[in-house]
Amino acid sequence: MSDDVILILLVILVAIAFPVLAIASFVMALGLKRRVRQLEDQVGQLRSQHSAVQATAKPPTTDTLRESSIPVPVATVPPDAPKATPAPESQPVTPVPPVLPPKPTMEGEETDIPALSPPIAARQAAPARASISLEERLGTRWAVWVGGVALALGGAFLVRYAIEEDLIGPAARIIAGLLFALALIAGGEYLRRRPAAPAGIGAAYIPGVVTAAGTVALFATIYAAYAVYGFLSPAQAFILLGAVGVGTMYAAALHGPGLAGLGLVGAYGTPLLVSTSQPSPWALALFVLVVTAAAFVLSRARLWRWLAVTASVAALLYGALLINMMGDDPSPVAAFTLALALLIGAVLVYEPHRGKTYQSFDWVGAGALAGLAVLALAFADADFFSQTSLATLLIVVAVALASALVFDAMAPAAVIAGIAAVVCLWIWPIDSQLAAEPMMLVPGHLYLPFLMPDALQAYLEMAIIPAVALFAATTSSLMRQPRALQPAFALALAGAGTPIFALATAYLRIESFRESLPFGAVAAGLALLFAFTTERFLRLEARTAPAHANVAIPGAGSSLHAVASCSAVALTLAFVIADSPLTLAFGLSALGAAWVSTLRPLPALRWCAAGFVLLVLARLGGAWMLAGGVLDGFPGWQDIALRYAIPAAAIYGGGVWLRRSRVDTPAVILDFGAILLAATAAVLAIRLTVRGPEEALHPGMSLAEAGLYSMLAFVVATVLVYRSASTSSPVYRLAAPVVTIVGLCTTLVGPLVTANPQVSDMPVAGGILFNELLPGYVLPGLAAAGAALAWRWYGQGVGPHIDKAIFRALCGVTAFVLGFFYVTLEVRKIFTGGLPGFEALSSPENWGYTIAWLLYGIALLAIGIWAKAMPIRLASAIVIMLAVIKAFLFDLSELEGIWRALSFIGLGVALIGIGLVYQRLLFGKRVAEGKQGI
């Protein structure tokens with residue numbers, strides 16, 4: 001045997017062994033932790049009962065106690081102590097019945113062991129385990145394991161030496177390898193029957209190590225006889241290697257779990273080591289099933305659940321390999337899947353939970369069923385959803401459903417069954433099948449069985465059968481038998497969710513957002529059905545609540561069926577309304593769910609309304625017009641109303657209904673959704689009004705559009721500030737400062753910078769007075785002033801953590817700047833028609849800026865005096881100072897003739913008038929009031 005062959009064998013064994021042993025070790029560690037805890041509890045019980053026996057024993061007679069005042073010790077007298085005088089004969093003590101060991105259970109199972117007394121004190125009193133020194137670890141453990149590896153390598157090196165020296169022939173080499181392997185196995189059995197190490201020192205198990213070395217040598221010898229020398233055919237090597245693997249697993253019943261892991265690696269690694277030009281799926285399926293069944297039997301006999309879990313994972317992986325090997329005959333995969341379902345159901349589901357009460361969910365069994373469902377789905381997809389694969393999938397779904405109904409710990413299996421059914425409908429290529437076989441439809445788009453293609457009929461049957469089965473089975477089970485909250489929730493989720501999701505998936509795959517009366521009728525029927533079951537659950541839960549403390553009111557059945565009823569209403573609206581505006585359907589459904597929550601105070605209904613709003617927002621984020629990946633057209637007025645405005649109003653009404661009882665997270669979500677949808681509708685309306693349906697698709701933004709966006713932001717901020725003072729919803733308090741900041745940023749980026757005619761080089765459209773400057777600067781300026789007033793009057797409602805003075809000042813400054821820009825650009829519009837740039841200024845235009853700024857300052861002064869607002873008067877002073885600076889710095893040098901004289905005359909008249917106003921209306925009143933006080 002060459003070096004390459006030996007290296008290949010070692011690499012293969014290590015590569016196969018490490019993943020399986022890692023999984024096995026992890027699961028074993030989880031199980032052993034619980035086993036140790038149970039043993040500690042049993043020790044505590046034995047200690048307490050031993051103390052009880054000594055306490056119930058009759059004490060010595062009165063005469064004896066009088067002779068000695070020292071109490072009789074309870075502890076046992078050491079062997080080297082002198083013998084005490086025998087006590088007087090007393091009545092015999094009634095023997096205590098022996099403590100029977102608890103019934104063995106597999107790791108992770110539920111147990112019926114009663115509460116032991118007192119387990120905590122017993123564990124605290126238990127002696128601490130002595131630490132293991134390095135010398136002991138090296139001598140009792142590492143030496144044994146390294147010796148086992150050395151034995152296996154020694155056999156390989158011996159064969160190699162025989163090959164290099166040509167001492168013996170190939171047949172003799174194989175015979176020598178077999179004898180060496182059998183000798184090691186026999187030596188391990190001999191050492192097991194005559195243990196060399198005393199129990200309890202924590203040493204490595206030498207018989208198991210020797211036996212493991214022998215099994216490795218046996219594997220290598222058989223594989224060499226097949227792959228190197230050709231003494232064995234693929235079928236013979238396949239059988240022999242598998243038999244060695246299974247035998248190694250059963251030898252683990254005597255030598256411990258380590259050997260079981262080795263046998264598992266060898267057995268499942270056999271198909272990977274043996275290759276043939278004509279692989280047989282039946283042979284592989286039968287081999288894997290035999291190995292899996294053997295592992296399951298051993299796991300149940302020795303209570304090694306990790307072995308069953310590891311075998312299940314390996315079997316599922318081989319199931320995927322069988323699917324890849326499947327040709328025209330799907331029978332091997334179907335038989336393998338069904339047989340594996342039977343094994344998993346018997347060993348991982350039925351045996352661990354038989355006769356046990358519910359403690360918690362068994363995620364190991366549920367995970368095995370989930371893997372089985374994935375295997376069945378992959379089989380159906382690979383087999384193009386033939387009758388055989390669909391029947392296999394239905395049986396797997398039935399096994400999962402039955403497991404959930406029989407054992408509460410397996411309740412998540414019902415959800416797994418529902419998910420498998422829905423996923424099957426989603427991955428089914430029904431669109432391509434219908435395209436190849438067009439269907440005939442009668443008026444009304446009704447589906448008649450005798451007119452439907454076979455593919456559509458099979459698809460609808462696959463949608464109906466699991467949904468009806470899950471709904472009927474889970475609903476009847478919950479109504480018949482009260483359950484704990486978690487199992488009831490899982491069953492109700494499967495029974496209510498599967499019909500809804502199956503209907504929605506079938507509609508999307510068949511109709512693809514088209515109007516469909518048949519699907520709408522089915523959805524309406526489901527809504528009525530779930531409403532009926534909700535009422536039944538409410539009455540049953542009200543009757544059973546006093547007798548079952550673990551059943552919550554409202555329970556999982558009533559809550560989830562109420563949510564399913566509302567969801568069915570939403571689907572009805574989506575199916576029957578033309579073009580499927582989902583935002584309208586979900587918005588109206590949110591309103592309906594909120595209204596029903598006022599009649600039936602189920603918390604789930606409030607969250608259902610919130611869920612509809614989240615779907616609306618998700619649809620909004622996905623951009624309904626981009627559903628196909630291409631922007632077909634900008635929404636018209638009807639689209640804006642149906643898809644945004646009406647849903648916003650409906651969601652706002654739902655939020656009002658929810659806030660009547662309390663303000664919680666669902667109410668907050670509805671308020672947020674209403675604000676966002678309303679703002680989106682307004683933005684789309686502005687875009688459509690300014691640009692039109694054709695130009696709205698193209699990028700760019702005019703001055704009027706930018707100004708209207710700023711106005712919208714400040715108007716929304718004003719409304720939010722006002723609402724924050726009149727409602728308890730935190731959405732308005734949080735959104736008011738955010739929207740105000742958005743308005744400030746929109747104004748800065750839009751009218752003041754990018755859309756400014758002097759920056760964009762775009763002329764101002766419109767006439768002299770009624771032009772683009774009005775929506776660009778005047779309207780947002782007035783809206784910013786309104787926001788400043790709102791922050792001044794109602795800003796305290798936003799909360800103490802927000803400084804309203806800052807937002808009031810920012811909004812006021814923005815209004816002032818927008819007004820100044822309007823006055824300046826309006827002068828430019830009057831004299832030049834709105835052409836951008838200030839390079840060539842005529843004397844009349846230059847004089848016009850000075851007069852316009854003076855008039856703007858006087859107007860601000862009048863408003864400040866009327867409102868008694870000093871900040872506005874200060875803004876007036878700033879503008880007037882700019883006019884004065886301009887007159888003395890620019891007009892004095894740039895203007896000539898009559899325009900220079902008019903500029904200074906106007907400036908002087910304005911300043912003297914302002915002085916008179918301050919003397920008579922402001923400070924004059926204060927002096928008069930002071931004299932009256934004297």
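These numbers come from a predicted model, not from an experiment.

Criteria and cut-off values
Residues numbered from 1 in each chain as written. Predicted model: local features only at pLDDT ≥ 70, side-chain atom pairs only at ≥ 80, totals over all residues. Heavy atoms only, no water. Helix = DSSP H or I, 4+ residues; strand = E, 2+ residues; numbered from the N terminus. Buried < 20%, exposed > 50% of the residue type's maximum accessible area, 1.4 Å probe, protein only. Contact = heavy atoms within 4.5 Å. Areas by Shrake-Rupley, 256 points an atom, 1.4 Å probe, with all protein chains shown as cover. Expected span 1.5 Å × (residues − 1). Axes fitted to C-alpha atoms, helices over the stretch in contact; angles between N-to-C directions. Parallel < 35°, antiparallel > 145°, perpendicular 65-115°, else oblique. Salt bridge = Lys/Arg side-chain N within 4 Å of Asp/Glu carboxyl O. Phe/Tyr/Trp six-rings, centres within 6.5 Å; stacked < 30°, edge-to-face > 60°. Lys NZ or Arg CZ within 6 Å of the ring centre and 35° of its normal. pLDDT = per-residue confidence, 0-100. Left-handed = near helix turned anticlockwise from the far one by under 90°. Nonpolar A, V, L, I, M, F, W, Y, C, P; charged D, E, K, R; others polar. 1 Å grid on protein atoms, 1.4 Å probe; cavity = no way out; pocket = protein on both sides within 12 Å on 5 of 7 lines; lining within 4 Å. Points joined across faces, edges and corners; volume = space filled by probe spheres on them. Patch = residues over 30% accessible without salt bridge, like charges linked within 9 Å, V, L, I, M, F, W, Y side chains within 5 Å. Polar contact = N/O pair within 3.5 Å; in protein donor to acceptor, adjacent residues only side chain to side chain. Disulfide = S-S within 2.5 Å.

**Description of the overall build of the chain**
In step 1: Counting secondary structure elements, the chain contains 31 helices and zero strands.
In step 2: In the chain, which comprises 934 residues, the share counted as buried stands at 43%.
In step 3: Sequence separation of at least 24 residues holds for 73% of the intrachain contacts in the chain that already meet a minimum separation of 6.
In step 4: As displayed, the chain has an accessible area near 47,200 Å², and 70% of this comes from carbon and sulfur atoms.

**Topic: helix α14 (residues 412-427)**
In step 1: Taking 1.5 Å as the rise per residue, α14 with 16 residues should run 22 Å; its terminal C-alpha atoms sit 23 Å apart, in good agreement.
In step 2: Taken together, the buried positions of α14 are occupied by Pro412, Ala413, Ala414, Ile416, Ala417, Gly418, Ala420, Ala421, Val422, Cys424 and Leu425.
In step 3: The secondary structure elements touched by the buried residues of α14 are α12 (363-382), α13 (387-406), α16 (454-480) and α17 (485-510).

**Digging into the packing of α14 against α17**
In step 1: α17 packs onto α14 with a crossing angle of 5 degrees between their chain directions and a minimal axis gap of 9 Å. As the angle between them shows, α14 and α17 are arranged roughly parallel. Contacts from Pro412, Ala414, Val415, Gly418, Val422, Leu425 and Trp426 of α14 reach α17 at Ala490, Leu491, Leu493, Ala494, Thr498, Phe501, Ala502, Thr505, Leu508 and Arg509.

**Some remarks on the pattern of salt bridges**
In step 1: If you walk through the whole model with that rule in mind, you get 11 salt bridges.
In step 2: The salt bridge partner of Arg305 is Asp362, with a shortest N-O separation of 2.6 Å. Note that Arg305 is positioned in helix α10 (residues 305-325) and Asp362 in the loop between α11 (331-353) and α12, a separation of 57 residues in sequence. The pair Arg305 / Asp362 is uniform in exposure class, with both members buried.
In step 3: In this structure, Glu511 and Arg514 form a salt bridge, with 3.3 Å as the shortest nitrogen-oxygen distance.
In step 4: The exposure class of Glu511 is buried, given its relative accessible area of 0%.

**What about unusual backbone geometry?**
In step 1: Phi is positive for Phe384, close to 55 degrees, though the residue is something other than glycine.
In step 2: Looking at where Phe384 falls in the secondary structure, it is placed in the loop between α12 and α13.
In step 3: Positive phi, close to 55 degrees, is recorded for Phe385, a residue that is not glycine.
In step 4: With respect to the secondary-structure elements, Phe385 resides in the loop between α12 and α13.

**Comments concerning the packing of aromatic side chains**
In step 1: Tallied over the full model, the rule gives 15 aromatic pairs.
In step 2: Measuring from ring centre to ring centre gives 4.9 Å for Phe385 and Trp428, while their planes differ by 10 degrees; the resulting arrangement is stacked. Placement of Phe385 in the loop between α12 and α13 and of Trp428 in the loop between α14 and α15 (430-436) is noted, with a sequence separation of 43 residues between them. By the burial criterion, Phe385 is buried, and Trp428 matches it.
In step 3: Among the aromatic residues, those joined into a ring-pair cluster are Tyr358, Phe361 and Trp363.
In step 4: For Arg723, the ring lying beneath its charged end belongs to Tyr732, and the centroid distance is 5.2 Å.

**Focus on the confidence of the model for the chain**
In step 1: Per-residue confidence for the chain gives a mean pLDDT of 76, with 68% of residues at or over 70.
In step 2: Per-element mean pLDDT across the chain ranges from 41 in helix α3 (residues 119-125) up to 96 in α14.
In step 3: Across residues 60-130 the pLDDT falls below 50, and counting only partners more than four positions away or on other chains, this stretch makes 68 contacts in the model.
In step 4: Residue range residues 134-140 is modelled with pLDDT below 50. Its contacts to residues more than four positions away, or to other chains, number eight contacts.

**Comments concerning the packing of α14 against α16**
In step 1: Viewed as axis vectors pointing N to C, α14 and α16 meet at an angle of 165 degrees, and their least axial separation amounts to 10 Å. Taken together, the axes of α14 and α16 are roughly antiparallel relative to one another. Crossing hand, α14 versus α16: left-handed. Touching Ala414, Ala417, Gly418, Ala421, Cys424 and Leu425 of α14 are Tyr459, Met462, Ala463, Pro466 and Leu470, all from α16.
In step 2: Classifying every residue of the contact of α14 with α16 by side-chain character gives 10 nonpolar, one polar and no charged.

**What to know about the layout of surface pockets**
In step 1: Its volume calculated, the second largest pocket comes out at about 1,000 Å³.
In step 2: Within the residue set of the lining of the second largest pocket, elements represented by two or more residues are α27 (773-794), α28 (804-832), α29 (843-867) and α30 (870-894).
In step 3: Among the elements that make up the lining of the second largest pocket, the one with the highest residue count is α28 (10 residues).

**Points about a nonpolar patch on the surface**
In step 1: Together, Ile419, Val423, Trp426, Ile427, Leu508 and Phe513 line one region of the surface with nonpolar side chains, adding up to about 500 Å² of accessible area.
In step 2: The element best represented in the nonpolar patch is α14, accounting for four residues.
In step 3: Structurally, the position occupied by Phe513 is in the loop between α17 and α18 (517-544).
In step 4: For Phe513, a relative accessible area of 33% corresponds to the partly exposed category.

**Structural notes on the environment of Ser876**
In step 1: By secondary structure assignment, the location of Ser876 is in helix α30.
In step 2: Ser876 has contacts with Gly857, Ile858, Leu860 and Leu861, leaving out every residue within four places of it along the chain.
In step 3: Here the side chain of Ser876 touches Leu861 through a polar contact of 3.5 Å, landing on its backbone nitrogen.

**Concerning the side chain of Thr505**
In step 1: In this fold, Thr505 is placed in helix α17.
In step 2: Polar contacts involving the side chain of Thr505 include one to the main-chain carbonyl oxygen of Phe501, which spans 2.7 Å.
In step 3: In contact with Thr505, other than residues within four places in its own chain, are Val422, Leu425, Trp426 and Tyr459.

**Quick word on the environment of Thr680**
In step 1: With respect to the element layout, Thr680 can be found in helix α23 (residues 665-695).
In step 2: Linking Thr680 and Tyr644, residues 36 residues apart in sequence, is a C-alpha distance of 7.1 Å.

**A closer look at the state of the cysteines**
In step 1: Applying the stated criterion across every chain, the model contains zero disulfides.
In step 2: Between Cys566, a cysteine without a disulfide, and Cys608, which holds the nearest cysteine sulfur, the sulfur-to-sulfur distance is 4.5 Å.
In step 3: Exposure remark for Cys566: the relative accessible area of 11% places this residue in the buried category.

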